[in-house]
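Listed here are the chains, written in short residue letters.
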Amino acid sequence: MRIFYSIVLLTLFLFSGELHALPTKIIIRVKAKDAKFIGTGIGGAAVIVRDNISGSILSRGVTAGGSGDTKILMQTPIVRYQPQTDSTTAKFVATIDVNEPTLVDVEVQAPLSRRGAAVKGATQVWVIPGKDILGDGIIIELPGLILDILSPYTHQSLSKESFKNGAFVFRVNLVMLCGCPISKGGVWDADDFEVKAYLKKEGKLIGNYELNKIDVVNLYEGRLPLLEKGGYELTVSAFQKRGNNAGVDRINFTVQ
């Protein structure tokens, strides 16, 4: 009888062990290509962790924290196992309950405060029960630039007087996907970026224009010649030659 109870207890122990899930932590970070981490200052990155087989959501949230140390990330050669982050660097900590090795899909989208420039990224990772992934964690890199057309603003109606000396000066703001600034001679040198505008009227391309960096950080300007009355679509693109990053913004405006 004693042997019987021992077998029953052992069976129950093994069975309960199979059902017992261990909370496992995974640090997830999102980094802008050729730049820094995407954190609170730019709205953070949305993170969703799904079971690869069932598709069920195991964890979700938003990265929070700073963009990281510029010197470490942009000006120091990478050494194996050397941390790229610290306790203040933006992250999301996913806590997943698993009772066996589980393949998960990690999906991110950023930056949340600039949805027009936001892009998605994804990776997969095996989660082993009780084996936390900490430190730098899982880093997903996103390419892109944040470009905002400041003037003309959306659906602005330009009068003839708006074209001073025969031209309308239009302006855009350009930053890295993490919000990092672009300036002449800076860490993100304005000379590395090519900014162009494409003007359409009634769906037909009628002109291409170059934009030049001005002395104000992040700002570029271009000039539109005096235009006929009607509706126009202005598209501005930026391309970082060495970083292979690109960004686009588009608006519509009218000329009276």
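Refer to the structure printed above.
The structure reproduced in this document is the subject of the present report. Everything quoted here is computed from the prediction, not taken from an experiment.

Another point: the overall build of the protein chain. When helices and strands are counted, the protein chain shows two helices and 16 strands. Its C-alpha atoms give the protein chain a radius of gyration of 26 Å, more than 25% over the compact-globule value 18 Å for 256 residues. Across the protein chain, contacts joining residues at least 24 apart in sequence account for 69% of those joining residues at least 6 apart. About 14,300 Å² of surface is accessible on the protein chain, with carbon and sulfur atoms providing 54% of the total.

Summed over the entire model, instances satisfying the criterion amount to seven salt bridges. Here Glu107 makes a salt bridge to Arg50, at a shortest N to O gap of 3.2 Å. In this pair, Glu107 sits in strand β5 (residues 102–110) while Arg50 sits in strand β2 (residues 46–51), placing the two residues 57 residues apart along the sequence. On the basis of relative accessible area, Glu107 is assigned to the partly exposed category, the value being 28%.

To continue, consider the sheet that holds strand β9 (residues 157–158). A sheet is described by the order of its strands in space; here five strands give the open sequence β9-β16-β15-β11-β12, paired in mixed fashion. Each edge of the open sheet is held by one strand with a lone partner, namely β9 and β12 (204–210).

This part covers the sheet that holds strand β14 (residues 219–225). Strand order in the open sheet formed by four strands is β8-β10-β14-β13, with antiparallel pairing between adjacent strands. Looking at which strands have only one partner, the edges of the open sheet turn out to be β8 (145–151) and β13 (212–213). With seven bridges connecting them, strand β10 (residues 167–176) and β14 associate as antiparallel partners. Bridge pairing in β14 links Asn173 to Leu219.

In this section: the pairing of strand β1 (residues 22–32). For β1, the buried fraction is high: eight of the 11 residues fall into the buried class. When β1 meets strand β4 (residues 92–98), the two strands line up antiparallel, connected through seven bridges. Its bridge partner lying in β4, Thr24 is registered against Ile96. Pairing of β1 with strand β7 (residues 133–142) involves six bridges; the strand directions are parallel. By the bridge assignment, Ile26 is partnered in β7 with Ile133.

Along the chain, Ala35 turns up in the loop between β1 and β2. With a relative accessible area of 0%, Ala35 lands in the buried category. Setting aside residues no more than four positions away along its own chain, Ala35 makes contact with Met74, Met176, Cys178 and Trp188.

A few words on the side chain of Lys36. For Lys36, the position within the fold is in the loop between β1 and β2. The side chain of Lys36 sits in the buried core without any salt bridge; Asp69 is the nearest counter-charge, 6.9 Å away. From its side chain, Lys36 meets the backbone oxygen of Gly68 in a polar contact 3.1 Å long. Beyond its immediate chain neighbours, meaning those up to four positions away, Lys36 contacts Lys31, Ser67, Gly68, Asp69, Thr70, Leu73, Met74, Cys178, Cys180 and Trp188.

So, about the side chain of Thr24. Mapped onto the secondary structure, Thr24 falls in strand β1. Polar side-chain contacts of Thr24 include one of 2.8 Å to the backbone nitrogen of Gly130. What Thr24 contacts, discounting residues up to four positions off in sequence, is Ala94, Thr95, Ile96, Val98, Val127, Ile128, Pro129, Gly130, Lys131 and Asp132.

We now examine the packing of aromatic side chains. Evaluation of the coordinates by the stated rule reveals two aromatic pairs. The interplanar angle of 55° and the centroid separation of 5.9 Å between the aromatic rings of Phe163 and Phe168 together place this pair among those described as tilted. A single burial state applies to Phe163 and to Phe168, both of which are buried. Ring plane angle 15° and centroid distance 5.5 Å describe the contact between Tyr232 and Phe253, whose orientation is recorded as stacked. Note that Tyr232 is positioned in strand β15 (residues 230–240) and Phe253 in strand β16 (residues 245–255), a separation of 21 residues in sequence. Of the two residues examined, Tyr232 and Phe253, each falls in the buried class.

Moving on, we get to the environment of Gly55. Along the chain, Gly55 turns up in the loop between β2 and β3 (57–62). For the pair Gly55 and Leu150, spaced 95 residues apart in sequence, the C-alpha to C-alpha distance is 41 Å.

Rules behind the numbers
- Residues numbered from 1 in each chain as written.
- Predicted model: local features only at pLDDT ≥ 70, side-chain atom pairs only at ≥ 80, totals over all residues.
- Heavy atoms only, no water.
- Helix = DSSP H or I, 4+ residues; strand = E, 2+ residues; numbered from the N terminus.
- Rg over C-alpha atoms; globule rule 2.2 N^0.38 Å.
- Contact = heavy atoms within 4.5 Å.
- Areas by Shrake-Rupley, 256 points an atom, 1.4 Å probe, with all protein chains shown as cover.
- Salt bridge = Lys/Arg side-chain N within 4 Å of Asp/Glu carboxyl O.
- Buried < 20%, exposed > 50% of the residue type's maximum accessible area, 1.4 Å probe, protein only.
- Pairing = 2+ DSSP bridges.
- Lys, Arg positive; Asp, Glu negative; His and termini not counted.
- Polar contact = N/O pair within 3.5 Å; in protein donor to acceptor, adjacent residues only side chain to side chain.
- Phe/Tyr/Trp six-rings, centres within 6.5 Å; stacked < 30°, edge-to-face > 60°.

That is the geometry; function is a separate question.
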